[in-house]
Amino acid sequence: MINLTLTEALKKLNSGEISAVELTRAYLDRIEKYGADLNCYITTTPERALADAAASDARRAAGDAKFLDGAPIAMKDLFATRGIRTTAASRMLENFVPEYESTVSQKFIDAGTVLLGKANLDEFAMGTFSKTSFFGAPVNPWQMENRLTAGGSSGGSTSAVAGGLAIAATGTDTGGSIRFPAAITGMVGMKPTYGLCSRWGCVAFASSLDTPGPIARTVDDAALMLSAMAGHDPKDSTSSKHGFTCTTPLEPVLGDGKKLRVGIIKEFSDVKISDDMKTLFEKRISDLKSMGAEIVEVSIPNILDALAAYYIIAPAEASSNLARYDGMRYGLRVEGRDIYDTFKKTRAAGFGDEVKRRMIIGTAVLSSQSYDVYFMQAARVRRMISDSFNKAFTECDLIICPSSAGTAMPLDSGLSPLEFYALDLFTVAMNLAGVPACSVPCGLAQNGLPLGIQVVGNRFDDMRVLQLAKHIETAADIDNRPTTIMGK
Ligand code: GLN
């Protein structure tokens, strides 16, 4: 049962061939069997899952089935869930149980999904390998014996979906945290247009960049998940009025004489990527050409400066957002001599090294001596990148580029903070510009590990992004279930 995609499972649920309780039990068994090894969940909610599933079966029996009724999913542990511990993978929130439900998780409740648990991630979503988690890193289900990263920060979500411990999951993408982990686990990860999915009730990292989105096994599944989570929310002042709804299978945008201009970013052609990535990228381009796409070169002149701008803007916003964790209102509190000492002791004990590093960088670039030279300069670069994307989308309909330079690396690769930051080169620009981008599997490398390509679109062109991603998925035609764990 766990080999069914979300689309297939919904079909079988609707026809009565399987029940939500059976499907949920199958996933709970997988969690029982592999949960500890993969470390993909921080909290599992088996009782809630079975209750959700029973309620789902009852709704269906009454002819009242909802959009994703009975689908067992994982929620990144950044989304507040009422009555269920929400940690952001931080010691600071280790025992935090929210009294409210995030808009995104509420939408999944409204869509009839079954909650399996809260997925592991980098602490406050800051990281690339999910190694900054207070609860230890999740493991990539591909070649488990090699203990590879499942990526970050949504690494628990990708580990769970790729390993068959959830049918689909939510993630958040501030600088690549949906797309990079999806790419190196063979999954589909969609960062929607900024504002399409509400941030309300999602633990904030960098508010002008944070973007909730889905992680799934197929593009159709990702489209269904996005339909459930998107929509205007008056509680989030940056929430867009644009909705997103779709039915699957997605309509083709190529073939039958359809015209589509697909852009390749000139500045990325000089960036060093693995031979496998290069070969697969070229293969997929020639597939698109043979389906009738016109390939054009576009320029985003400042795209290589996106990393520098991101690593100023994101820490600046984080330093402000994380000021609320002071031991006074909620979360960890370590008593000190006086109130200042309590602040200091609480924050020293509650945050990990990477989070502290970001807050130090963030407060430094916002200080009066540095504001103009760092923060304002980064904001200008951001504007230029955004303008360049606008211009590029007058010359092409969609853009494609690699999701990463290479395949999943071992968790103990011993990278320095700067080496970690450099891994975000292919993903951060899309967050700075707020444009939608979907990572889709493009093939397997020589070492047997999956690689991904991103499809990028203009703001609110999320549907076409997914449609082109589906063509790439079909052309790549890989089995994205890791053999070691899927019992093949
Ligand atoms: N790897 C990036 C960072 O460390 C992206 C994180 C994210 O998208 N949440 O900031």
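Before any of the text, the structure's been laid out above.
Residues numbered from 1 in each chain as written. Predicted model: local features only at pLDDT ≥ 70, side-chain atom pairs only at ≥ 80, totals over all residues. Heavy atoms only, no water.

Engineer: So what's going on with unusual backbone geometry? Which residues, and what values?
Structural biologist: For residues besides glycine, phi is generally negative; the peptide bonds are generally trans as well. A cis amide bond links Gly152 to the next residue, Ser153, at an omega of 5 degrees. Secondary-structure assignment places Ser153 in the loop between β3 (114-119) and α5 (155-162). Backbone geometry at Phe460 places phi at a positive 70 degrees, although glycine is not the residue there. Here Phe460 shows up in the loop between β11 (450-457) and α15 (462-476). (Helix = DSSP H or I, 4+ residues; strand = E, 2+ residues; numbered from the N terminus.)

Engineer: So what's going on with the sheet that holds β11? Which residues, and what values?
Structural biologist: Pairing is mixed in the open sheet, where eleven strands are placed in the order β1-β3-β2-β4-β6-β5-β10-β11-β9-β7-β8. The sheet is open, and its two edges are formed by β1 (41-44) and β8 (293-298), each paired on a single side. Strand-to-strand twist of the sheet, defined as the mean angle between neighbouring strand axes without regard to direction, takes the value 30 degrees. Sheet analysis places strand β5 (residues 188-191) next to strand β10 (residues 437-444), joined by three bridges and oriented antiparallel. (Pairing = 2+ DSSP bridges. Axes fitted to C-alpha atoms, helices over the stretch in contact; angles between N-to-C directions.)

Engineer: So what's going on with the pattern of salt bridges? Which residues, and what values?
Structural biologist: This model, assessed by the stated rule, comprises 20 salt bridges. For the salt bridge of Asp287 with Arg284, the shortest nitrogen-to-oxygen distance reads 2.8 Å. One end of the pair is Asp287 and the other is Arg284, both in helix α8 (residues 275-290) and three residues apart, which spans about a single turn. Of the residues examined, Asp287 reaches a relative accessible area of 21% and is grouped as partly exposed. In this structure, Arg357 and Glu354 form a salt bridge, with 2.3 Å as the shortest nitrogen-oxygen distance. With Arg357 and Glu354 both in helix α11 (residues 353-366) and three residues apart, the pair spans about one turn of that helix. Under the relative-accessibility criterion, Arg357 is labelled partly exposed at 31%. Taking relative accessible area as the criterion, Glu354 reaches 11% and is therefore assigned buried. (Salt bridge = Lys/Arg side-chain N within 4 Å of Asp/Glu carboxyl O. Buried < 20%, exposed > 50% of the residue type's maximum accessible area, 1.4 Å probe, protein only.)

Engineer: Outline the environment of Gly336, supporting the account with residue identities and numerical values.
Structural biologist: Its location among the elements puts Gly336 in the loop between α9 (306-321) and α10 (339-350). By relative accessible area, Gly336 is classed as partly exposed at 23%. When the C-alpha atoms of Gly336 and Thr346 are compared, they prove to be 8.4 Å apart, with ten residues separating the residues in sequence. Sequence-distant contacts of Gly336, defined by excluding residues within four places in its chain, comprise Asp341, Thr342 and Lys345. (Contact = heavy atoms within 4.5 Å.)

Engineer: Hey, could you go over the packing of helix α4 (residues 103-110) against helix α7 (residues 219-229) for me, with residue numbers and the actual values?
Structural biologist: Orientation of α4 relative to α7, taken along the N-to-C sense of each, is 110 degrees, at an axis distance of 8 Å. Considered as vectors, α4 and α7 are oriented roughly perpendicular to each other. Residues Val104, Lys107 and Phe108 of α4 touch α7, and the partners they reach there are Met225, Ala228 and Met229. When its residues are assigned to classes, the contact of α4 with α7 shows five nonpolar, no polar and one charged. (Parallel < 35°, antiparallel > 145°, perpendicular 65-115°, else oblique. Nonpolar A, V, L, I, M, F, W, Y, C, P; charged D, E, K, R; others polar.)

Engineer: Kindly report on the pairing of β8, identifying the contributing residues and their values.
Structural biologist: If a strand is regular, its side chains alternate between the two faces of the sheet. Sheet analysis places strand β7 (residues 260-265) next to β8, joined by six bridges and oriented parallel. Paired with Ile265 across the bridge in β8 is Val298. Tracing the backbone out of β7, into α8 and back to the parallel element β8 gives a crossover that is right-handed. (Right-handed = clockwise from strand over helix to strand, strands pointing away.)

Engineer: Tell me about the site of the ligand, residues and numbers included.
Structural biologist: In the vicinity of the ligand lie 15 residues, with Thr174, Gly175, Ser177, Tyr310 and Arg358 positioned nearest. Between a nitrogen atom of the ligand and a side-chain N or O atom of Asp424, the distance comes to 2.9 Å. Relative to its unbound accessible area of 290 Å², the ligand is 100% covered by the protein chains. Of the residues belonging to the shell around the ligand, the class tally is five nonpolar, seven polar and three charged. (Near = heavy atom within 4 Å. Polar contact = N/O pair within 3.5 Å; in protein donor to acceptor, adjacent residues only side chain to side chain. Areas by Shrake-Rupley, 256 points an atom, 1.4 Å probe, with all protein chains shown as cover.)

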